[in-house]
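In case you want the letters, here they are:
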Amino acid sequence: MTDYDTVSADVEHEEEIPEDHPRYQDLLTRHRIEKGVEKGITHLQGMHAEGRGSAFDYLLGEATIPSADDAERAAAAHLLLADHPVLSINGNVAALVPSEMVALAEATGADLEINLFNRTPERIEAIADHLREHGAEDVKGLEANARIPNLDHQRAKVDEDGIYDADVVLVPLEDGDRAEALNEMDKTEIVIDLNPLSRSPQVADVPIVDNIIRAVPNMTEHARVLADEDEAVLRSIINEFDREAALEQAEDRIRSGEL
Ligand code: ATP
């Protein structure tokens, strides 16, 4: 028996999870989702989404593969060049990477907007408070005074001066219907999703097949490095990115990667 076998499944604080545990990221992710459910910011269905993601991450080797790093760099370039970039936050995103999303918004000049599949005023408020506790100053998504066309009423709600108006949107862990509807609005859509076969990355302009807990800090790092580059440099990074190749390379790694 290794010491790791003694790590409890329900640690109280994430600091109790040993960083050198071979499944550290998975344990951390699971812990944050559980805390999110307890705090009322994550819906129970978010646990199922997390379970699906965890299986794909295992097959990816729980690492950012080179094509995902390319996608994260292209995504950072898109956000820096945008007139109005918006980062969409759902219950899983808020539970997993609250301060990391605030840092990405600051590095790219993007707005943060809460956008929920299971929308209730209590969850919206709980998520807005949680983001503010992690440094967010302005949180959108509370007004929900505009609609994404071709979606049912609840899931279509967005802010008129937020996602509705955005030219570039980051929609992590997004449901396929909304990803498709946003894409039809002619926005540049960046998706983070561990399943390359899911509809959301399939319709994205920039599909990032990586765990959100690795992807968001890496995008911020790229954005900081690229912040002072000329527009021409950013455009060439965007043009060189090949979305089909990124999806294929992720699928190849999942099907044939050595664990
Ligand atoms: P579709 O996009 O076709 O509707 P789905 O029904 O599987 O697919 P959802 O359950 O709405 O999609 O969203 C969950 C998605 O989020 C899954 O594809 C899962 O792989 C992904 N996911 C879950 N956790 C993470 C994570 N930590 N990082 C990145 N992606 C994740």
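Draft legend 1. Region of the structure containing the side chain of H31. Residue placement: H31 occurs in helix α1 (residues 24-39). Take H31: its relative accessible area is 7%, and that puts it in the buried class. Ignoring sequence-local partners within four residues, the contact set of H31 consists of V11, E12, H13, E14 and I17.

Draft legend 2. Quick look at the nonpolar core. Membership of the largest hydrophobic core comes to 47 residues, with the highest contact counts inside it found for L87, M101 and I208. A146, I148, A166 and V191 belong to the second-largest nonpolar core, a separate cluster that totals 14 residues.

Draft legend 3. Here's a closer look at the layout of surface pockets. Roughly 730 Å³ of internal volume is contained in the largest pocket. Along its surface, the largest pocket is lined by 31 residues, and A49, R52, N92, L173 and E174 are the ones closest to its centre. Considering each element in turn, the lining of the largest pocket owes the most residues, eight residues, to helix α2 (residues 45-59). Tallied by class, the residues present in the lining of the largest pocket amount to nine nonpolar, 14 polar and eight charged. The calculated volume of the second largest pocket comes to roughly 250 Å³.

Draft legend 4. Representation of helix α6 (residues 121-133) in the model. Its 13 residues place the ends of α6 18 Å apart at the C-alpha level, agreeing with the 18 Å of an ideal helix rising 1.5 Å per residue. When we look at burial in α6, the residues that qualify are R123, I124, A126, I127, A128, H130 and L131. Buried positions along α6 lie against α1, β1 (85-89), α4 (91-96), α5 (98-108), β2 (111-114) and β3 (139-140). G135 sits one or two positions beyond α6 and adopts a positive phi of about 105°.

Draft legend 5. Quick peek at empty space enclosed by the protein. Counted according to the given criterion, the structure contains two cavities of 30 Å³ or more. Its boundaries defined by the atoms lining it, the second largest cavity holds a volume of some 30 Å³.

Draft legend 6. Quick peek at the environment of E160. Positionally, E160 belongs in the loop between β5 (157-158) and β6 (168-172). Here E160 falls in the partly exposed class, since its relative accessible area comes to 46%. A sequence separation of 27 residues divides E160 from E133, and the C-alpha atoms of the two residues are 25 Å apart. Ignoring any residue separated from it by four or fewer positions in sequence, one finds E160 in contact with N145, A146 and D165.

Draft legend 7. Here's a closer look at the site of the ligand. As a structural note, the neighbourhood of the ligand is formed by 17 residues, with R52, D193, S198, N211 and I212 the closest of them. Measuring from an oxygen atom of the ligand, one finds a side-chain N or O atom of R52 at 2.3 Å. The contact in question runs from an oxygen atom of the ligand to an N or O atom on the backbone of R199, over 3.3 Å. Burial of the ligand by the protein chains amounts to 84% of its free accessible area of 630 Å². Judged by the fraction of its atoms near the pocket grid, the ligand is located in the largest pocket. Taken together, the elements giving at least two residues each to the shell around the ligand come down to α2 and α9 (199-203). Residue composition of the shell around the ligand, grouped by class: five nonpolar, six polar and six charged.

What counts as what
- Residues numbered from 1 in each chain as written.
- Predicted model: local features only at pLDDT ≥ 70, side-chain atom pairs only at ≥ 80, totals over all residues.
- Heavy atoms only, no water.
- Helix = DSSP H or I, 4+ residues; strand = E, 2+ residues; numbered from the N terminus.
- Buried < 20%, exposed > 50% of the residue type's maximum accessible area, 1.4 Å probe, protein only.
- Contact = heavy atoms within 4.5 Å.
- Core = buried A, V, L, I, M, F, W, Y, C linked by side-chain atoms within 4.5 Å.
- 1 Å grid on protein atoms, 1.4 Å probe; cavity = no way out; pocket = protein on both sides within 12 Å on 5 of 7 lines; lining within 4 Å.
- Points joined across faces, edges and corners; volume = space filled by probe spheres on them.
- Nonpolar A, V, L, I, M, F, W, Y, C, P; charged D, E, K, R; others polar.
- Expected span 1.5 Å × (residues − 1).
- Near = heavy atom within 4 Å.
- Polar contact = N/O pair within 3.5 Å; in protein donor to acceptor, adjacent residues only side chain to side chain.
- Areas by Shrake-Rupley, 256 points an atom, 1.4 Å probe, with all protein chains shown as cover.
- Sits in = over half its atoms within 2 Å of the grid points.

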